[in-house]
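# Observations on chain architecture
Next come the chains, spelled out residue by residue.
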Amino acid sequence: MSASPTTSALIQAQQLRKTYKSKSGPVHALAGLDIAVPERTVTALLGPNGAGKTTAVKVLTTLITADSGTATIDGIDVAADPRAVRRVIGVSGQYAAVDENLTGLENLAMVGRLYHLGTRRARARAAELIDVFDLSDAGSRPVKGYSGGMRRRLDLAGALVNEPRVLFLDEPTTGLDPRSRLALWDVIKDLVSAGTTLLLTTQYLEEADQLADSIAVIDGGTVIASGTSDELKADIGGHRVAVTLVAGADGGTARAVLARHGTGEPRAGGDGRTWEVAVVDGPAALQRVLADLAEAGIELHDAGIRRPTLDDVFLQLTGRPAEADEAEEEAGSGAGSAEKEAVR
Ligand SMILES: Nc1ncnc2c1ncn2[C@@H]1O[C@H](COP(=O)(O)OP(=O)(O)OP(=O)(O)O)[C@@H](O)[C@H]1O
Ligand SMILES: [Mg+2]
């Protein structure tokens, strides 16, 4: 089956809208969402809680229908022919269900039978996937004893039972520890280099950066920016100059110095002592900032230039930080700076 002549992308959505009713009024989960994922590429839908990521995945994978707009997978309309769509896709995500009382192997074999693989083929495929996902030791144990990371891997294995050309992963690594996250990224990268077309959702800017060819930043059910990670970064300027003052130093003066040499408003970091600003020429700007701060008698704990991150993109676009990531980072570095403070 090939894509229709008008759709070049394997996954395509145009002006999808979905409104939920809730006690506090209608919720516009999708408000005119456009997506296009070319064959053999990876697109990340990047957005905070409630942005509409899961709703988009549910529409594209035929679990719910949109109120309006169109979506096609390999040219097949998801609303008109959901069964044909289900034959070419795999999906794993936040709402995936496994039978807690069955073993990992039994769960996968059950998925295989749902795809009409036949009992023997379903068992063989289950054993193959258990091996690929490093669950051999746990494969014969009931899933209720699995850790979060093991569940994620089983969930992803389940999405691959029918060897789908098109894969949807809804927040594949949320809740995993850093090592499990890296391991899962490797598995996902292997799938992609083997030719799978992938749409994934994430709240982790780094995950989008690592896995995706193209990133669609979504907020309020629409795409508010899209491009490669480099393009998104380029949109919001070049380097940042960041300085961290010693405790008790004059933040107002530091801010004024940065404002003088930056292209935008200086921004305070979470620790209250770090200030940063976007600049045109990183090294030259850093030198000027350091000279002016020294002249003003402001002592520094740290100073440097850095490339913009996707966090900066989100902040720039929405005026808000990407909550999930920031909270985690603050939990990590916040404790560190409190310790440093205590030592002084
Ligand atoms: N079944 C439902 N009934 C009512 N409102 C819903 C329903 N499902 C989702 N919503 C609302 O629609 C909006 C989008 O939800 P969605 O689950 O798509 O977001 P998300 O980007 O996946 O968020 P998260 O990162 O928390 O998973 C939210 O405001 C959510 O509360
Ligand atoms: Mg979600």
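Residues numbered from 1 in each chain as written. Chains lettered and ligands numbered in written order. Predicted model: local features only at pLDDT ≥ 70, side-chain atom pairs only at ≥ 80, totals over all residues. Heavy atoms only, no water.

Looking up the chain in an unreviewed UniProt entry gives the name Daunorubicin/doxorubicin resistance ATP-binding protein DrrA, with the organism given as Arthrobacter saudimassiliensis. UniProt lists a comment for the chain under the heading Subcellular location (unreviewed entry), and it reads "Cell membrane". According to the UniProt record, the Sequence similarities (unreviewed entry) comment for the chain is "Belongs to the ABC transporter superfamily. Drug exporter-1 (DrugE1) (TC 3.A.1.105) family." (UniProt positions renumbered as here; feature names shortened; annotations may be inferred.)

### Thoughts on the pairing of strand E1 (residues 9–22)
Sheet topology note: the E1/strand E2 (residues 25–38) ladder contains eleven bridges and is antiparallel. What sits directly across from Arg17, in E2, is Ala31. Where E1 folds back onto E2 in an antiparallel hairpin, the turn is made up of two residues. In the sheet, E1 pairs with strand E4 (residues 68–73) via five bridges, with the strands oriented antiparallel. Residue pairing across strands places Gln12 opposite Thr72, the latter belonging to E4. (Pairing = 2+ DSSP bridges. Helix = DSSP H or I, 4+ residues; strand = E, 2+ residues; numbered from the N terminus.)

### Let's talk about the side chain of Lys53
By secondary structure assignment, the location of Lys53 is in helix H1 (residues 53–60). Taking relative accessible area as the criterion, Lys53 reaches 4% and is therefore assigned buried. At a separation of 2.9 Å, a polar atom in the side chain of Lys53 contacts the main-chain carbonyl oxygen of Gly47. The contacts of Lys53, once residues within four sequence positions are left out, are Leu45, Gly47, Pro48, Glu171, Thr201, Thr202, Gln203 and Ile218. (Buried < 20%, exposed > 50% of the residue type's maximum accessible area, 1.4 Å probe, protein only. Polar contact = N/O pair within 3.5 Å; in protein donor to acceptor, adjacent residues only side chain to side chain. Contact = heavy atoms within 4.5 Å.)

### Focus: the packing of helix H3 (residues 104–114) against helix H4 (residues 119–132)
Where H3 contacts H4, the axes come no closer than 8 Å and their chain directions differ by 130°. The angle between H3 and H4 falls in the class oblique. The interaxial crossing formed by H3 with H4 has right-handed handedness. Contacts between H3 and H4 involve Gly104, Leu105, Leu108, Ala109, Gly112 and Arg113 from the first element and Thr119, Ala122, Arg123, Ala126, Ala127, Leu129 and Ile130 from the second. Residues of the contact of H3 with H4, tallied by class, amount to eight nonpolar, three polar and two charged. (Axes fitted to C-alpha atoms, helices over the stretch in contact; angles between N-to-C directions. Parallel < 35°, antiparallel > 145°, perpendicular 65-115°, else oblique. Left-handed = near helix turned anticlockwise from the far one by under 90°. Nonpolar A, V, L, I, M, F, W, Y, C, P; charged D, E, K, R; others polar.)

### Re unusual backbone geometry
Of note in this structure, Arg40 is not a glycine but carries a positive phi near 60°. Examined against the element boundaries, Arg40 turns out to sit in the loop between E2 and strand E3 (42–46). For Arg40, a relative accessible area of 54% puts it in the exposed group. Even without being a glycine, Asp134 presents a positive backbone phi close to 60°. Structurally, Asp134 is set in the loop between H4 and helix H5 (148–159).

### Brief notes about the site of ligand 1
Neighbouring ligand 1 are 15 residues; Asn49, Gly50, Lys53, Thr54 and Thr55 lie closest to it. Separating an oxygen atom of ligand 1 from a backbone N or O atom of Gly50 is a distance of 2.8 Å. In the environment of ligand 1, an oxygen atom lies 2.9 Å from a nitrogen or oxygen atom belonging to the side chain of Gln203. Among the secondary structure elements, those contributing two or more residues to the shell around ligand 1 are E1, E2 and H1. At three residues, the largest contribution of residues to the shell around ligand 1 is made by H1. Its residues placed into classes, the shell around ligand 1 shows five nonpolar, seven polar and three charged. (Near = heavy atom within 4 Å.)

### Comments concerning the pattern of salt bridges
On inspection of all chains with the given rule, the structure shows eleven salt bridges. One salt bridge in this structure joins Asp67 and Lys18, with 4.0 Å as the shortest N-O distance. Placement of the pair is Asp67 in the loop between H1 and E4 and Lys18 in strand E1, with a sequence separation of 49 residues. A salt bridge links Arg151 to Glu100; its shortest N-O distance comes to 2.8 Å. With Arg151 in helix H5 and Glu100 in the loop between strand E6 (89–92) and H3, this residue pair connects regions lying 51 residues apart in the sequence. Classification of Glu100 by relative accessible area gives partly exposed; the value is 31%. When salt bridges that share partners are traced, they join Glu39, Asp74 and Arg165 into one network. (Salt bridge = Lys/Arg side-chain N within 4 Å of Asp/Glu carboxyl O.)

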